[in-house]
Amino acid sequence: MKRHRPAPERPSLLATVGKLWLLLPFVLTGLAVLSANAWLVSQRLEDARSAQSDNTTWLVSQLEVEALKLSGTVDRMRDRPWDENGLPALRKAFDVYLSRIQVIDGYMRQPGRLYALHDNPDWQEILRSRDELTRFIDVPAPELLAHIDRISSRLEAMRTPLRAFVVEALARLVEASTEGREALAALIGRSALIAIFLIAVLLATSFFMLRLSVQLQRRGHAEERARSNLEKTLAASLDGVVVARQDGRILQANPAAEQIFGLAREALPGLGIFELLSPVAPSDITQVRTLRARFDAAATAEEPPSGRIVFRARRQDGGEVSLELSLAADRDGDGALILIAFFRDISDRVRAEQELRNAHDAAVRAATAKSRFLAVMSHEMRTPLNAVIAVLDLLRSTTRHSQRQGRFLGIAEASAQTALDQINDVLEVARLEGRDQPEEAVPFNLTRLTREIAEQTAPLIHKNRNRLHLDLPPEDEAQLLGPRRLMLQVLVNLLGNAAKFTHGGEIRITVRIEASELDQRLLSVEVRDTGCGIPADKLDRIFDLFETLDDGYDRTATGTGLGLVIARQAVQSMGGEIAVTSMPGLGSAFRFTARMRRGDVPAETPPAPERAAPALPRLHVLVVEDNPVNRIVLREMLVHLGQTVTEAEDGPVGIAEARGTAFDLVLMDVSMPGMDGLTAAAKIRAGGASVQSRIVALTAHALPEDLHRIRASGIPDILVKPATIARLAELLAGTAPGGGAAPRRARIDPQVIGDLRHLLSPELRHGNLARFLDEGAEVMAALEGGAALTGPARQPLAARLHRFRGACALFGATRLADLLLRAETAPDARPLPTGLRQAIVDEWAALAVDLPKQLDPGDNPVSSR
Amino acid sequence: MGFGRRFRVIAVAATVAAQVFGMAAARAESPEPVLLHVRDAAGQEHVFTRTDLDALPQVAFSTGTIWTEGVIAFSGPPLRQVLTEGGITGGKVRLIALNDYMVECDFDRIDTDFPIVATRRDGRVFSIRDNGPLWVMYPFDTEMSFQDETSYASSVWQFIAAEAVAP
């Protein structure tokens, strides 16, 4: 907290004080001059006090008096010559007269006012007459009496110059005293002027001092007011304000601090902040430690580090309070460091935040629960739908119906299929939302994929009289490694939408592939149509979940409206972005990008030759399926196809059945309550009559990771629901009676044999065949010879089986290759099922006879060793 | 007053005494003339001859005056001493000169040492023509405070008498 200072006043005050210092020389000089003058005046007054002049005036005038007295004495002497007392009186009078002359003469010889009269002729005359008279008087009495008349006349003659001298001398004295007075007056006048000047200076000083005092007073008032305002502000503050020493000792606290600390305000000073607030949780301890660090930092830094500190503290009275705290540093009057802490009780806010968080968590939980519910519901609906589709299929195959009934059947099939598609969409959204693993990357060719999708969508495109243009890169540049399934979904959805909403227009798909890095590829795809377009106010929401469910774009046609949501999620999963531009009435353009790796161009594989539908073998089939409807449907379909069927409603029953009876084929539902299908399959393989039976997994999960999981458990054959008669027939056709070992394939693929015969010279064929037979014999010896395929020791054998399987594939020994795959992927740390081992050995024995015959029909067979 | 320390009070020295007695012997036939009359408050007349005055404690100093040229050495008994001898111990005192000049002053304001009744100028007795034979004298040069109207007025020359003034 900065103390409030009226900034402009401060320099003016200082300037005034500075000006006062400027006055000091004037005052000192004035005082010095005044003192000097006073001294001069006192000197003058001293002169005046000595008052030489008055005395001198008296002296001078007295001279004439004495002269007159002498004349009088002489006259009396002349009148009474007999009086003998007359002579001493005359001598005495003359003595006095002489003494007067002596005094004045001495006076005039000194530098002074009468010095100028020293040479005065009158005075000289007086001196001459004195000498003459002295000669007449300083004689014995008789002679003096004789001189009496001459003395008289001489005195008479002297009267005029004497008078003149006295008058002159008096005039001089008067003049001199006048000059002295004037000089004194001038001096006093000067003193007065200096005094006036000094008084003026002192008055000015006083004025400044007064102003200074007024300013100080005003500032004092202002500060007092500011302090009072501050105190009132703090008193009224809802935040607790505490002034503390650096060690946390409280100096002052405002009323709001009472509630925070739970102590009376008067009790707070002297207590330590850190003792009053003990942290509650470990995170609070950290915060309090931060606070203490700031207190310490305030000693060295000018301002403590800013920022709020939030912690929960236990008060002295045991109550808990959530505090928000900020800190400021200042110095008090003595310059000692003080810290001002502002506490805010945020308990309510924290509680509100917690409630909000709880509410949010609850909402999220509810939303998640809804999504899960939706997913579960969809999944549950899929099972009966599968049954519906299967039964419709069964109905079409097993019942004779009219053309009209056939059309009804078609509608029912289409509706069921649409419902299934929609449920799959919902499940796809839920799956994409909840996914935490990247989609499996597989090699695929984008150009080829796009063409395939275009072909699949062609019926819809043509139905709406649209033209489709494809602008695709060459196939050899479009080989990629990435989530093919996601790309497929995006393209299907975008192209499907374009086809649905465009009538009599044009659809263009443009695909570009750029190399962003060495192996990285950046794909950009645009699907542009000239359809009805999308209103601007919907554009930014069409990719949002549930937004599109409402109305509009997707609702006008068939579909769940989840297509674009799936597309967005799929694009995001591929590390790309999707955007749309549209003008209602003119069309729309969807663009998206994706990042994938470059894929290797695979060796060209010739298409499999068309095979005529083979006659189905008569097999004994075990159906393990918990859903009774599905079980019945499967049974009916299989019976329709001429098979013998045994049913099991769960895993344990299935295992028991399989143990007692050697089935040719086991159809095992994967998702079952209690024991799941994969576990049950493993147990069947472990021992019993059906060890060698072919097991096919039944699942509604067509997702790559599910299929991968099933294969990893040792079941290579998967039938994705819904099961149809056609697919079951295909499955049955590939199954051999008894062992159920080789699937639908022949022991030896004639196509491969054909190629080998065509491509290789007889010498090469013979060499390769010999090596193959040698390797096979070794593998079989290893299989038969040792209980090797158990535990860790199986590992090297598994690697050899894998390698041998590659060789089998090269020679078209497909049946053996399948058996080997099962052995490879059997669960670890378990003995290889005896039936499977036997099946491999038997198949090898048959192959070793058949393969040389087929490879070289005309040549001598290469016998195995 | 510190003058007593600065100006030696000279007791009648043997040489001076011899001089005086010599002079007195020369005029033995006629009675010694009275130089000063002092009348106390009771009207009692006291007379002082030069011998009487010389018998009193002596004070000597040198000073210039406004009436004389150069510095002159004066010596004689302090006025206060003389007046006390003449029976005057307080009140106002009138000092009288040969030409009937008079001046009054307070006895109490007369210092112990100054003024003196000078009986000698430069060590010699002095006549009426030299403002003698007695001259009330202040040490003007050494003490500025004496350079004032009062002191000048009471520097009575040709001093012949003093009398107590009836209150």
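The rules behind these values
Residues numbered from 1 in each chain as written. Chains lettered and ligands numbered in written order. Predicted model: local features only at pLDDT ≥ 70, side-chain atom pairs only at ≥ 80, totals over all residues. Heavy atoms only, no water. Helix = DSSP H or I, 4+ residues; strand = E, 2+ residues; numbered from the N terminus. Buried < 20%, exposed > 50% of the residue type's maximum accessible area, 1.4 Å probe, protein only. Contact = heavy atoms within 4.5 Å. Buried area = accessible area lost by both parts, 1.4 Å probe. Salt bridge = Lys/Arg side-chain N within 4 Å of Asp/Glu carboxyl O. Polar contact = N/O pair within 3.5 Å; in protein donor to acceptor, adjacent residues only side chain to side chain. Nonpolar A, V, L, I, M, F, W, Y, C, P; charged D, E, K, R; others polar. Pairing = 2+ DSSP bridges. Axes fitted to C-alpha atoms, helices over the stretch in contact; angles between N-to-C directions. Phe/Tyr/Trp six-rings, centres within 6.5 Å; stacked < 30°, edge-to-face > 60°. pLDDT = per-residue confidence, 0-100. Parallel < 35°, antiparallel > 145°, perpendicular 65-115°, else oblique. Left-handed = near helix turned anticlockwise from the far one by under 90°. Core = buried A, V, L, I, M, F, W, Y, C linked by side-chain atoms within 4.5 Å. Patch = residues over 30% accessible without salt bridge, like charges linked within 9 Å, V, L, I, M, F, W, Y side chains within 5 Å. Areas by Shrake-Rupley, 256 points an atom, 1.4 Å probe, with all protein chains shown as cover. Expected span 1.5 Å × (residues − 1).

**Regarding the overall build of chain A**
- Check the secondary structure of chain A and you find 26 helices and 18 strands.
- Counting the 865 residues in chain A, one finds 41% classified as buried.
- Once local pairs closer than 6 in sequence are excluded, the contacts in chain A between residues at least 24 apart make up 69%.

**Remarks on the interface of chain A and chain B**
- Listed per partner, the contact involves 27 residues of chain A and 21 residues of chain B.
- Contact between chain A and chain B buries roughly 2000 Å² in total, counting both sides, with carbon and sulfur atoms accounting for 49%.
- Between Arg129 of chain B and Asp138 of chain A there is a salt bridge, with its nearest N and O atoms 2.3 Å apart.
- Taken together, the links from chain A to chain B amount to six residue pairs in polar contact (both at pLDDT 80 or more).
- At the level of elements, α1 (9–50), α2 (52–79) and α3 (86–109) of chain A are the ones that each hand at least two residues to the side of chain A that touches chain B.
- At 12 residues, the largest contribution of residues to the side of chain A that touches chain B is made by α3 of chain A.
- Partitioned by chemical class, the residues of the side of chain A that touches chain B number eight nonpolar, nine polar and 10 charged.

**What to know about the sheet that holds strand β1 (residues 240–245) of chain A**
Residues and elements named next belong to chain A.
- Taken in spatial order, the six strands make up an open sheet running β2-β1-β6-β5-β4-β3, and their pairing is antiparallel. The sheet terminates laterally at β2 (250–253) and β3 (278–279), the two strands that pair on one side only.
- As judged from the six bridges shared by β1 and strand β6 (residues 337–345), these two strands associate in the antiparallel manner. The residue of β6 that forms the bridge with Val242 is Ala341.
- Together, β1, β3, β4 (309–314), β5 (320–331) and β6 form the strand contacts of helix α9 (residues 282–300), whose direction differs from that of β4 by roughly 115°.

**A few points about the pattern of salt bridges**
- Taken as a whole and assessed by the stated rule, the structure comprises 41 salt bridges over all chains.
- Salt bridges linked by common partners bring Asp239, Glu324, Arg344, Arg349 and Glu353 of chain A together as one network.

**Observations concerning the sheet that holds strand β14 (residues 620–624) of chain A**
Residue and element names in this part refer to chain A.
- Pairing is parallel in the open sheet, where five strands are placed in the order β15-β14-β16-β17-β18. Only two strands of the sheet have a single neighbouring strand rather than two, namely β15 (644–648) and β18 (717–720). This sheet shows a mean twist of 25° between the axes of neighbouring strands, independent of strand direction.
- For strand β17 (residues 694–699) and β18, the ladder comprises four bridges, and the chain directions are parallel. Each bridged residue has a counterpart across the sheet, and for Leu698 the counterpart in β18 is Leu719.
- Of the strands in this sheet, β14, β15, β16 (665–669) and β17 are in contact with helix α17 (residues 628–640), which crosses β15 at around 170°.

**Regarding the packing of aromatic side chains**
Residues and elements named next belong to chain B.
- For the structure shown, the criterion picks out 18 aromatic pairs over all chains.
- Summarising the aromatic geometry, the rings of Phe114 and Phe146 are spaced 6.4 Å apart at their centres and angled 70° between planes, so their arrangement reads as edge-to-face. Of this pair, Phe114 sits in the loop between β7 (102–106) and β8 (116–118) while Phe146 sits in the loop between β10 (135–137) and α5 (149–154); the two residues are 32 residues apart in sequence, bridging distant segments of the chain. For the residue pair Phe114 and Phe146, the accessibility class agrees, reading buried in each case.
- Consider the rings of Trp135 and Trp157, whose centres lie 5.7 Å apart with planes at 90°: the pair is edge-to-face. Of this pair, Trp135 sits in strand β10 while Trp157 is found in the loop between α5 and β11 (159–165), placing the two residues 22 residues apart along the sequence.

**Focus: the confidence of the model for chain A**
All names here are of chain A.
- Residues of chain A with pLDDT of at least 70 account for 86%, and the chain-wide mean is 79.
- Counted against residues more than four places away or in other chains, residues 1–9, with its pLDDT under 50, gives 16 contacts.
- Considering only residues more than four positions removed or in separate chains, one finds that residues 859–865, a stretch of pLDDT under 50, has six contacts.

**Quick notes on the pairing of β11 of chain B**
All names here are of chain B.
- Most of β11 sits inside the fold, with six of its seven residues counted as buried.
- Inspection of the sheet shows strand β2 (residues 34–39) paired to β11 by three bridges, in the parallel sense. Each residue of the ladder has a partner; that of His37, found in β11, is Ala161.
- Inspection of the sheet shows strand β6 (residues 92–97) paired to β11 by six bridges, in the antiparallel sense. Directly across from Lys92, in β11, lies its bridge partner Val165.

**Some thoughts on the packing of helix α10 (residues 347–398) of chain A against α17 of chain A**
All names here are of chain A.
- Two numbers describe how α10 lies on α17: the axes approach to 9 Å, and their chain directions differ by 25°. When the axes of α10 and α17 are compared, the pair comes out roughly parallel. In terms of crossing hand, the pair formed by α10 and α17 is left-handed. Facing Thr383, Ala387, Ala390, Val391, Asp393, Leu394, Ser397 and Thr398 of α10, the residues of α17 in contact are Val629, Asn630, Val633, Glu636, Met637 and His640.
- Of the residues that constitute the contact of α10 with α17, the class distribution is seven nonpolar, five polar and two charged.

**Focus on the pairing of β5 of chain A**
Residues and elements named next belong to chain A.
- Bridge count for β4 against β5 is six bridges, and the pairing is antiparallel. Counted as the bridge partner of Phe311 is Leu323 from β5.
- Where β4 folds back on β5, the antiparallel hairpin that results is connected by five residues, among which Gly318 adopts a positive phi of roughly 95°.
- Inspection of the sheet shows β5 paired to β6 by nine bridges, in the antiparallel sense. Bridging from a neighbouring strand, Leu327 pairs with Ala341 of β6.
- Counting the residues between successive antiparallel strands, the hairpin from β5 to β6 contains five residues, one of them, Gly335, with a positive phi of roughly 85°.

**Things to note about the nonpolar core**
- Core analysis: the biggest nonpolar cluster contains 54 residues, and Tyr97, Trp123 and Phe165 of chain A together with Trp67 of chain B have the highest contact counts within it.
- Sorting the residues of this core by element identifies α2, α3, α4 (121–137) and α6 (148–236) of chain A together with β4 (58–63), β5 (72–76), β8 and β10 of chain B as the ones contributing at least two each.
- Of all the elements, α3 of chain A adds the most residues to this core, at 11 residues.
- Aside from chain neighbours lying at most four places away, what touches Trp123 of chain A is Leu63, Ile101, Ile104, Asp105, Met108, Leu117, His118 and Phe165 of chain A.

**Focus on the side chain of Asn131 of chain B**
- Within the element layout of this structure, Asn131 of chain B appears in the loop between β9 (120–121) and β10.
- Aside from chain neighbours lying at most four places away, what touches Asn131 of chain B is Ser99 and Val103 of chain A together with Phe126, Trp157 and Gln158 of chain B.

**Looking at a nonpolar patch on the surface**
All names here are of chain A.
- There is a patch of nonpolar side chains on the surface, built from Trp21, Leu24, Leu28 and Leu31 and spanning about 440 Å² of accessible area.
- Within the element layout of this structure, Leu24 appears in helix α1.
- For Leu24, a relative accessible area of 38% puts it in the partly exposed group.

**Some remarks on the packing of helix α18 (residues 651–660) of chain A against helix α19 (residues 677–686) of chain A**
Residue and element names in this part refer to chain A.
- Relative to each other, α18 and α19 sit at 20°, their axes nearing to 9 Å. Considered as vectors, α18 and α19 are oriented roughly parallel to each other. When you trace α18 past α19, the crossing you get is right-handed. Contacts between α18 and α19 involve Gly651, Gly654, Ile655 and Ala658 from the first element and Ala680, Lys683 and Ile684 from the second.
- Considering only residue class, the contact of α18 with α19 consists of four nonpolar, two polar and one charged.

**Side note on the environment of Lys92 of chain B**
Residue and element names in this part refer to chain B.
- In this structure, Lys92 sits in strand β6.
- Separated by 15 residues in sequence, Lys92 and Phe107 have C-alpha atoms that sit 5.7 Å apart.
- Beyond its immediate stretch of four places on either side in the chain, Lys92 contacts Glu104, Cys105, Asp106, Glu163, Ala164 and Val165.
- Within polar-contact distance, the side chain of Lys92 engages the side chain of Asp106 at 3.1 Å.

**Notes on the side chain of Asn386 of chain A**
- Turning to its location among the elements, Asn386 of chain A is positioned in helix α10.
- By relative accessible area, which is 4% here, Asn386 of chain A ends up buried.

**Looking at α4 of chain A**
All names here are of chain A.
- Over its 17 residues, α4 runs 24 Å from end to end, which matches the ideal 24 Å to within 8%, given 1.5 Å per residue.
- Buried within α4 we find Trp123, Ile126, Leu127, Ser129, Arg130, Leu133, Phe136 and Ile137.
- Near the N-terminus of α4, the side chain that reaches the backbone nitrogen of Asp122, with its oxygen 2.9 Å away, is that of Asn120.

**Observations regarding the confidence of the model for chain B**
Residues and elements named next belong to chain B.
- Averaged over every residue, the pLDDT of chain B is 79; the share at 70 or more is 81%.
- In the model of chain B, helix α1 (residues 3–6) stands out as the element of lowest mean pLDDT, 40, in contrast to β8, which has the highest, 91.
- Within the model, pLDDT remains below 50 along residues 1–28, and this stretch shows 32 contacts once partners closer than five positions in the same chain are excluded.
- We note a pTM of 0.37 for the whole complex and an ipTM of 0.73 for its interfaces.

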